[in-house]
Amino acid sequence: MTAMDGATFHFEDLLRDDQDLLALRNLASTRVRGILQDTRAAAETRLMADGKGTLCAEALATAEDSIIKGLYALACKAVGLKNADQALSVIATGGYGRATLAPGSDIDLLFLVPDGKTPETDRVVEFLLYALWDARQKVGHATRTIEDCIALVKTDNTIMTSILEARYICGNRPLFDDLIQRYRRGVVQKSAKQFVVDKLTERDQRHAKYGESRYSVEPDIKDGKGGLRDLNTLFWIAKFLFNANSTEELADKNVFTREELRLFRKAEDFLWAVRCHLHFITRRGEDKLTFDRQSELAQRLGYKAHSGLKHAERFMRHYFLVAKDVGNLTRIFCASLEAQHLKDAPSLSRMIGKFLPRGKRTTGLPEDFKLEAGRITLIDETVFNKDPINIIRIFKASGALGIEIHPDALNGIRLNLRQIDDHLRNNKSANALFLDCLTESGDPETILRAMNEAGVLGRFLPEFGKIVAMMQFNMYHHYTVDEHLIRTVGVLRSLETGTLTGEHPLSAKLFPTLTSRRALFIAGLFHDIAKGRDEDHSIAGERIARDVCPRLGLSAADTETVAWLIRWHLLMSETAQMRDLNDFKTILDFTAIVQSPERLKLLLILTVADIRAVGPGVWNGWKGQLLRTLYAEAEPLLTGGHTSVTRRERIAEAHALFLSKHPAMPEVEQQIILRRHYDAYWLTVPLEQQLRHEALIARAAARDVTTDVKSDAFAAVTEVTVYAPDHPRLLATITGACAAANANIIGAQIFTTTDGMALDTILIQREFGDEADEKRRALRVADTITKALRGQMRLKDAMAQARKPEYRASAFSVEPRVIIDNTSSNKHTVVEINGLDRVGLLHNLTDALFQLNLNIVSAHITTFGEKVIDVFYVTDLTGAKIENEARHRRIEQALMQVLAPTAKAA
């Protein structure tokens, strides 16, 4: 007998005369631990061999049944309970009730008793539970009568669902059958519609908690959108409404077609395989597919690197395609419920109608469509076959009228995707309709996402199809490539309509002045379309744009603009964040590529949209201020020296804005403050931060170290600002103190005042969700910095004694690189360092530069997830550039040793 063949395990051989129950229970739990170990090992071996996730979960549940049956029999004999088959019923609920278990899943049990508990049944339940707990299983339980259960299900939706999934294991079978009969007769038949509403509402709340997008790159495989819980929800509703006890019955009762049932099973099996593998890897009930697990999962599931994609990226692309299938099944299922009047149709304006006058929603519907339950659907099943352009036309109508597309119509689209062929792709009318969806609809993001979910976008634009569901295996991007591109279009539309004016005043101001608006939206949708290739995606994307844009009907001029924007879509972001904007050579090099005011405006707006669409917290005020500064510095050069606001006027404006917050300040004190900072400070630091800096300086003792902290929960960062006397090793000391305090630096803003003080703000990765905890942690970091700068601690020892946290970036690899550049600045040597982030890296780099007798004039610290790009403008100790090639090699070797101690400089 194996642990998974369904036979009951027998524990009666453990019984001894006059044996203590506690001793017996200990013996039983020890045996259960051994059985579980063998069972899981056998299940893991079989899963590795056949990849059948559902079979693995069912086998583990079957083994658990066998254990519980054996323990129940032992407990009854041990306590002298003679009527074991009548005393109580042991019932599986929850996921265990569905006869599936992951290795780390909870075991949910209901002990059903006839007329209330007795001392004997209490002892049996206690024995069984403690034997399982002592075997290190997580067990949830309840002991109730049938009357208790029926009363509770009428007030508690969770208990209603648990009874719905109840499954008999052992004990009193007639009692269990009576419960199910009374449940269906007294509850199910009276509460059908309300149950559907409650379950779908519960699903929406769960999605809001675990992430609204099913394309988040670290999804929760159980509770995330498109995960196992969504399939469970469909089955719960089907079981409640149609008394379906298996997935096979979903087709028998016309809930799904046979093809849809096959898709359901395929998705379920894949998700179970991933979940079981994940639990085997982590040895606990972990359901989030974090980056540090994705590579190992990909290896276990047999994925190989191919066509420019890493094995983890290919695995996750498969995952997202399955999540997409789960979404399609949900829509099909909900349409079936609506047809049977078991679910209310959503409101007409929920999706996109809010952008249009209400009167426009009932006119202008194309002749092949009609309204049903307030949504667009087909007049008959031949609509797409008769005229394939209708596949694009229905989305155009949805966007123009502000009306959702009916699930039946979406299912019809899915069944007719083969109609989208080269003939349709090259049809002028179809392309004109698509461009209208992208550039003229009130909410192009929603329309494009609907097209993508239906499979239309990837078929109509095969170039886009190659990046559908593609993830990038890095910590910077929060979404798949296609979702990022669609979100970029959404941000562009929000900038145009003024929704984001408060956060992006310059972009909102410039939008109405554009002459290439349509090209901007197309570039937004296409800018990352060449991701996943061996070639640089900006260069390959430019080539794709030159091929696709004429097909879409763009003029030669607009095609050139789109191609240029894609080629250089990273230029402004990289220049603003990685270069010294106060070095005039930076501005000259930037404008040499941009060449025109129109391109500058387009590039600024696209850059803002691109960064915002990466994910929550990626955009911050620093980046916005840097981009505005770069725009303001470049505009005069591109307009022949004519600009609405000169550099001097911008500095004066910053001064005036700052002073407006101090109306009662004496003029002498005003001038001291204004002269304290160089022009670069006033141009690149946001007002809110200037005010915090001034408050910090005001409370600082003469030439002493003073600190300030500010946490930002939304951006998941904490700022630590240091005001201290400047000296060559200052930055190295600050960064070393951060490392000693286990604070990972993800950015830095460094300034020197005219009186020889340094004003450095360090961004560290947030560690605690609770604001008070994070504030205390930030103050500890600031205190460590203060002690280090005052010489009150030996920094090297403190760093050696610091705990070494498990850092998520260890799941990635970044090729280390050092670039020494004497062409980007007329006064300084630019040292660009690329590598894998780690706690203490910035200290090691700045200390190495100090040891190399280099003076850091400015530092630009940028973190893209696990990758850091640190750029230092340096001189030798005489203030000159580093021209000697031999010294270049020594610098490169020393920095490469920091990036990868075992690596050799190229």
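Report on the accompanying structure.

What counts as what
Residues numbered from 1 in each chain as written. Predicted model: local features only at pLDDT ≥ 70, side-chain atom pairs only at ≥ 80, totals over all residues. Heavy atoms only, no water. Helix = DSSP H or I, 4+ residues; strand = E, 2+ residues; numbered from the N terminus. Rg over C-alpha atoms; globule rule 2.2 N^0.38 Å. Buried < 20%, exposed > 50% of the residue type's maximum accessible area, 1.4 Å probe, protein only. Expected span 1.5 Å × (residues − 1). Polar contact = N/O pair within 3.5 Å; in protein donor to acceptor, adjacent residues only side chain to side chain. Core = buried A, V, L, I, M, F, W, Y, C linked by side-chain atoms within 4.5 Å. Contact = heavy atoms within 4.5 Å. Phe/Tyr/Trp six-rings, centres within 6.5 Å; stacked < 30°, edge-to-face > 60°. Axes fitted to C-alpha atoms, helices over the stretch in contact; angles between N-to-C directions. Parallel < 35°, antiparallel > 145°, perpendicular 65-115°, else oblique. Nonpolar A, V, L, I, M, F, W, Y, C, P; charged D, E, K, R; others polar. Patch = residues over 30% accessible without salt bridge, like charges linked within 9 Å, V, L, I, M, F, W, Y side chains within 5 Å. Areas by Shrake-Rupley, 256 points an atom, 1.4 Å probe, with all protein chains shown as cover. Salt bridge = Lys/Arg side-chain N within 4 Å of Asp/Glu carboxyl O. Pairing = 2+ DSSP bridges. Left-handed = near helix turned anticlockwise from the far one by under 90°.

Scanning the chain from terminus to terminus reveals 40 helices and 14 strands. In terms of overall dimensions, the chain is globule-like: its C-alpha atoms have a radius of gyration of 32 Å, near the 29 Å expected for 906 residues. Summarising its shape, the C-alpha atoms of the chain cover approximately 95 × 75 × 60 Å along the three principal directions. Buried residues in the chain amount to 58% of all 906 residues.

Attention now moves to helix H19 (residues 428-439). Here H19 is 12 residues long and its end C-alpha atoms lie 16 Å apart, about the 16 Å a rise of 1.5 Å per residue gives. If you check which residues of H19 are buried, you get Ala-430, Asn-431, Leu-433, Phe-434, Leu-435, Cys-437, Leu-438 and Thr-439. Backbone nitrogen of Ser-429 and a side-chain oxygen of the N-cap are separated by 2.8 Å at the start of H19; the cap is Asn-427.

It is worth spelling out the nonpolar core at this point. The biggest cluster of nonpolar side chains holds 225 residues, and the ones touching the most others in it are Leu-109, Tyr-183, Phe-395, Ile-413, Phe-434, Val-456 and Phe-464. Ignoring anything within four residues of it in the chain, the contact list for Tyr-183 reads Ile-150, Val-153, Met-160, Ile-163, Leu-164, Val-188 and Phe-240. Counting residues in hydrophobic clusters, the runner-up holds 48 residues, among them Val-722, Ala-737, Ala-740 and Met-896.

On to the environment of Asn-411. Note on placement: Asn-411 falls in helix H17 (residues 407-415). Since its relative accessible area comes to 18%, Asn-411 is described here as buried. Sequence separation between Asn-411 and Ile-332 is 79 residues; the distance between their C-alpha atoms is 6.9 Å. In contact with Asn-411, not counting residues within four places along its chain, are Glu-260 and Ile-332.

Right, let's talk about the packing of aromatic side chains for a bit. According to the stated counting rule, one finds 13 aromatic pairs in the structure shown. Here the aromatic rings of Tyr-215 and Phe-320 are separated by 6.2 Å at their centres, their planes lie at 55°, and the arrangement is tilted. In this pair, Tyr-215 sits in the loop between helix H9 (192-210) and helix H10 (228-242) while Phe-320 sits in helix H14 (residues 311-339), placing the two residues 105 residues apart along the sequence. Under the relative-accessibility criterion, Tyr-215 is labelled buried at 2%. Geometrically, the ring pair formed by Phe-658 and Trp-682 is edge-to-face, given 5.5 Å between the ring centres and 70° between the ring planes. Here the residue Phe-658 occupies a position in helix H32 (residues 647-659), and Trp-682 occupies one in helix H34 (residues 679-684), the gap between them amounting to 24 residues.

Attention now goes to the packing of helix H28 (residues 571-578) against helix H31 (residues 621-638). Relative to each other, H28 and H31 sit at 105°, their axes nearing to 9 Å. Taken together, H28 and H31 sit at an angle that is classed as roughly perpendicular. Side by side, H28 and H31 meet where Met-572, Ser-573, Thr-575, Ala-576 and Gln-577 of the first sit next to Lys-623, Leu-626, Leu-627, Leu-630 and Tyr-631 of the second. A per-class count over the contact of H28 with H31 returns 6 nonpolar, 3 polar and 1 charged.

When the terminal C-alpha atoms of H10 are compared, their 21 Å separation across 15 residues agrees well with the 21 Å that a helix rising 1.5 Å per residue should span. Backbone geometry just downstream of H10 places Asn-243 in the positive-phi region, at approximately 55°.

Right, let's get into unusual backbone geometry. Despite not being glycine, Gln-595 shows a phi value in the positive range, around 75°. By secondary structure assignment, the location of Gln-595 is in the loop between helix H29 (584-594) and helix H30 (597-612). By relative accessible area, which is 55% here, Gln-595 ends up exposed.

Let us look at a nonpolar patch on the surface. On the surface, a nonpolar cluster with roughly 260 Å² of combined accessible area is contributed by Phe-584, Leu-588 and Leu-637. As for its placement among the helices and strands, Phe-584 is situated in helix H29.

Another aspect to go through is the sheet that holds strand E2 (residues 107-112). With mixed pairing, 4 strands are arranged side by side in an open sheet as E3-E2-E1-E4. What marks the edges here is a single partner per strand, and that holds for strand E3 (139-144) and strand E4 (167-171). Strand-to-strand twist of the sheet, defined as the mean angle between neighbouring strand axes without regard to direction, takes the value 25°. Two strands pair when backbone bridges link them, and strand E1 (residues 89-93) and E4 are joined in this way by 4 bridges, in the antiparallel orientation. Within the sheet, the bridge partner assigned to Val-90 lies in E4 and is Cys-170.

Another aspect to go through is the pattern of salt bridges. In this structure the tally under the stated criterion is 55 salt bridges. Between Lys-199 and Glu-202 there is a salt bridge, and its shortest N-O distance comes to 2.9 Å. Here Glu-202 and Lys-199 lie together in helix H9, a separation of 3 residues that amounts to about one turn. The salt bridge involving Arg-229 is made with Asp-223; its shortest N-O contact spans 3.5 Å. For the pair Arg-229 and Asp-223, a shared accessibility class is recorded, and that class is buried. Connected via shared salt-bridge partners are Glu-248, Asp-252, Arg-258 and Arg-265.

Burial along strand E6 (residues 375-378) is two-sided: the face carrying Arg-375 and Thr-377 and the face carrying Ile-376 and Leu-378 are both buried. Across 4 bridges, the pairing between strand E5 (residues 369-372) and E6 is antiparallel. By the bridge assignment for E6, Phe-369 is matched with Leu-378. A loop of 2 residues connects E5 with E6, the two strands running antiparallel in sequence, and Ala-373 in this loop sits at a positive phi of about 55°.

Take the side chain of Lys-199 next. Among the residues examined, Lys-199 registers a relative accessible area of 1% and is labelled buried. If we skip the residues at most four places from it in the chain, Lys-199 touches Asn-157, Thr-161, Thr-233, Trp-236 and Ile-237.

This paragraph deals with the packing of helix H39 (residues 841-851) against helix H40 (residues 885-899). Direction vectors running N to C along H39 and H40 enclose 160°, while the axes themselves pass 10 Å from each other. Between H39 and H40, the angle falls in the class roughly antiparallel. Of the two elements, H39 crosses H40, and the hand of that crossing is right-handed. Contacts between H39 and H40 involve Leu-841, Asn-844, Leu-845, Ala-848 and Leu-849 from the former and Leu-895, Val-898 and Leu-899 from the latter. Here the contact of H39 with H40 is composed, by residue class, of 7 nonpolar, 1 polar and no charged.

Our next topic: the sheet that holds strand E10 (residues 757-765). Taken in spatial order, the 8 strands line up as E7-E8-E10-E9-E13-E14-E12-E11 in an open sheet, and their pairing is antiparallel. Sheet topology places strand E7 (706-712) and strand E11 (817-821) at the edges, where each strand pairs with a single neighbour. The sheet shows a mean angle of 15° between the axes of neighbouring strands, direction not considered. Direction of pairing for E11 relative to strand E12 (residues 829-836): antiparallel, over a ladder of 5 bridges. Note that in E12 the partner of Val-818 across the bridge is Ile-833.

Within the secondary structure, Val-898 sits in helix H40. Under the relative-accessibility criterion, Val-898 is labelled buried at 13%. Residues Val-898 and Asn-844 lie 54 residues apart in sequence; the distance between their C-alpha atoms is 6.4 Å.

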